[in-house]
Each structure stands twice: as C-alpha cells, then as structure tokens.
Amino acid sequence: MTTLKNLKQIREKIVLFSTRAKEGHIPSALSILDLLWCLYDSVLKLQPFDENRDVFIMSKGHASIGLYSVLAHKGLIEGDALSGFASFNSMLGGHPDRNKVPFVEASTGSLGHGMPIAVGVALAKRISKLNGSAYVLVGDGECNEGSIWESSLLAAEHQLNNLCCIVDHNHTTDRALSIDSVADKFKAFGWEAIEIDGHDHQQILDAFSHFSNRKNSKPFCIVANTTKGFGIKTMENNPEWHHKTPNEQELELLLGEIHA
C-alpha cells in the first residue's frame, strides 16, 4: 500500500508541475513510472563517483518529468527543484541534462542516442574490469531508429551481459508503424529477451533479478508492455494527450482520476 500511495503522489506531481510549466509529456512519464520506481527503489546501486556503480540512461528523454519525480521522491534531487520544472533557469528541463541534474548520466532527448551510450558504458566496464551494470530505457517508437539496432549488434558481438535494455512498449507507435514483436527482434540480434507487464512490480523486479543472476554471455532486453497515460483513465491510450497541457477543468478531472 505504501508503494501505491507513493505512486499516486508522484502521478499528481507529474500532472501539477507539467501543467504549471505548460510543458512535458505527461502520458509518456506515466507509461514508465512503475519501471523507474522499481529501478530506483530496489535495483540500481548508485554510488556517486564510484566507477563500479550501476549506470542508468533514460534514452526516452522527453519523459523527463517522470524521472525527475522519482529522483525527488527518493531524495536524490531537491523536491523544491521539481516544483520549478521547465521554468526559466530551472535545472530540470524538458529533457534531462547531465551537467545540471544529479544522477542523470547522459543528456538525452534526441531519440536513439541513449542506447549507443549505454553500450559504450557496458563495454568500458568490461574492458576496465569494473563491476556494475548499464541500464537503458528506450521507447518502442524509438526502436525505429537505426542507431538502436546498430548498437544492439555491437552489444551482442562483444557479449555485453552487463547491459540491460528496457523497452517501454506502450504501442503508440503502432498508429504510424508497427514494429511487431520487439522481443523477437532483439533475439534475432543475439540478445536474450523477455516480455513482461510493465506496470506489475513483481514482474518488473523478477525480470531485473533474472538479469542480475543469469550466467549467459548475451545482453538482456526487457520488453515492458505498458499503457501510455497509465493511472489516469482519461489519458490512457488517448493520442490527444501526447503533449497536451490540461486546462483548469481538465486538471481537476485528471487529479480526481488519480485518487479514484
């Protein structure tokens, strides 16, 4: 119940501060919220300036308000900074900036860039004999970028079993170009891949546990089936809300649905 309460509080902040800023991709942030929560609450080993730390890269940078909200809730950035999201001189922009935001390992937003960075991190750890894993979260639409698959081939060639790619498969790209089975594509590129419910915390944690404890030499992909706008019925799978700012009446409706 504590986690459920936490997530409702985070959803509320995502909506409120995005509305205040008139900026942010609210449904995309909600799509990945459960994945981010499990990563920062139970999985990532974060020791600043320690080369053996885990490294997480959110390639899907336009969903930054989701990442910021989890970082703030876990005390990794100041909560006051979150209330100024996307305001003038705020360190929290519409896309994450590694030079401004603690625990942001890469500046992302141009889709397809985070994956090759994560491959580089995993390869550097391998060459330097360092502990820790590289995690990268990409969107399913982002998987239409050639850089995703070029990087995937490189990761498989170098047997980067310290690399975990999480695909936010919310199916919104299907309206333009269906990519069919993402898991099968990663398997064809030499990866181990599984599919899970990206809102079921037990399935998420089991997938990360499997990644950490397996013995094979392949990079690992978690295809997380999610719902864009999850937790707010008006937004769920509704393309109207892709980058829309609520008005006063809509804000009241959305907040009511969060706590229904």
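Because the structure is predicted, anything quoted here is derived from the model rather than measured. (Residues numbered from 1 in each chain as written. Predicted model: local features only at pLDDT ≥ 70, side-chain atom pairs only at ≥ 80, totals over all residues. Heavy atoms only, no water.)

Enquirer: Run through the overall build of the protein chain, naming residues and quoting values.
Expert: When helices and strands are counted, the protein chain shows 9 helices and 5 strands. Going from the N terminus to the C terminus, the protein chain shows its helices and strands as α-α-β-α-α-α-β-α-β-α-β-α-β-α. Taken over C-alpha atoms, the radius of gyration comes to 17 Å for the protein chain, in line with the 18 Å a tight globule of 260 residues would show. Across its three principal directions, the C-alpha atoms of the protein chain cover 55 × 40 × 35 Å. Relative to its full complement of 260 residues, the protein chain shows a buried share of 49%. (Helix = DSSP H or I, 4+ residues; strand = E, 2+ residues; numbered from the N terminus. Rg over C-alpha atoms; globule rule 2.2 N^0.38 Å. Buried < 20%, exposed > 50% of the residue type's maximum accessible area, 1.4 Å probe, protein only.)

Enquirer: Account for the sheet that holds strand β3 (residues 163-169), naming residues and giving values.
Expert: Taken in spatial order, the 5 strands of this open sheet run β1-β2-β3-β5-β4, and their pairing is parallel. Strands at the two margins of the open sheet, each flanked by one partner only, are β1 (55-58) and β4 (192-197). Taken pair by pair, the neighbouring strands of this sheet meet at an average axis angle of 20°, ignoring direction. Pairing geometry for β4 and strand β5 (residues 220-225), over 6 bridges, is parallel. Bridge pairing in β5 places I194 opposite I222. (Pairing = 2+ DSSP bridges. Axes fitted to C-alpha atoms, helices over the stretch in contact; angles between N-to-C directions.)

Enquirer: Describe the side chain of H25, naming the residues involved and giving the relevant values.
Expert: Its location among the elements puts H25 in the loop between α1 (2-21) and α2 (26-43). With residues near it in sequence (within four places) discarded, H25 still touches H62, H242 and H243. (Contact = heavy atoms within 4.5 Å.)

Enquirer: So what's going on with the pattern of salt bridges? Residues and values would help.
Expert: A complete count under the given rule lists 7 salt bridges for this structure. The closest approach of N and O atoms between R214 and E192, which form a salt bridge, is 2.9 Å. Of the two residues, R214 is situated in the loop between α8 (201-213) and β5 and E192 in strand β4; the sequence distance between them amounts to 22 residues. Assigned by exposure class, R214 and E192 land together as buried. Three or more residues are tied together by salt bridges with common partners; here these are E240, K244 and E250. (Salt bridge = Lys/Arg side-chain N within 4 Å of Asp/Glu carboxyl O.)

Enquirer: Can you explain the environment of I26? Please cite residues and give values.
Expert: Take I26: it is sitting in helix α2. Spatially, the C-alpha atom of I26 lies 14 Å from that of G93, the residues being 67 residues apart in sequence.

Enquirer: Can you tell me about the packing of aromatic side chains, naming the residues and giving the values?
Expert: Counted under the stated rule, the structure contains 8 aromatic pairs. Consider the rings of W149 and F186, whose centres lie 4.8 Å apart with planes at 50°: the pair is tilted. Residue W149 is located in helix α6 (residues 146-157), and its partner F186 is located in helix α7 (residues 182-188); the two are separated by 37 residues in the primary sequence. Here F186 falls in the buried class, since its relative accessible area comes to 0%. Residues W149 and F189 carry aromatic rings whose centres are separated by 4.9 Å and whose planes lie at 45° to one another, so their mutual orientation is tilted. Linking W149 in helix α6 with F189 in the loop between α7 and β4, this pair joins segments that are 40 residues apart in sequence. One aromatic cluster is present, formed by Y135, F208, F211 and F220 through successive ring pairs. Sitting above the plane of the W37 ring, K74 keeps its charged end 5.1 Å from the centroid. The aromatic ring of W241 is capped on one face by K244, whose charged end is 4.4 Å from the ring centroid. (Phe/Tyr/Trp six-rings, centres within 6.5 Å; stacked < 30°, edge-to-face > 60°. Lys NZ or Arg CZ within 6 Å of the ring centre and 35° of its normal.)

Enquirer: I'd love a proper account of the environment of E12, names of residues and values included.
Expert: Position of E12 among the secondary structure elements: in helix α1. Owing to a relative accessible area of 25%, E12 belongs among the partly exposed residues under this scheme. Here the alpha-carbon distance between E12 and H171, two residues 159 residues apart in the chain, equals 24 Å. Residues within four places of E12 in sequence aside, it is in contact with L255, I258 and H259.

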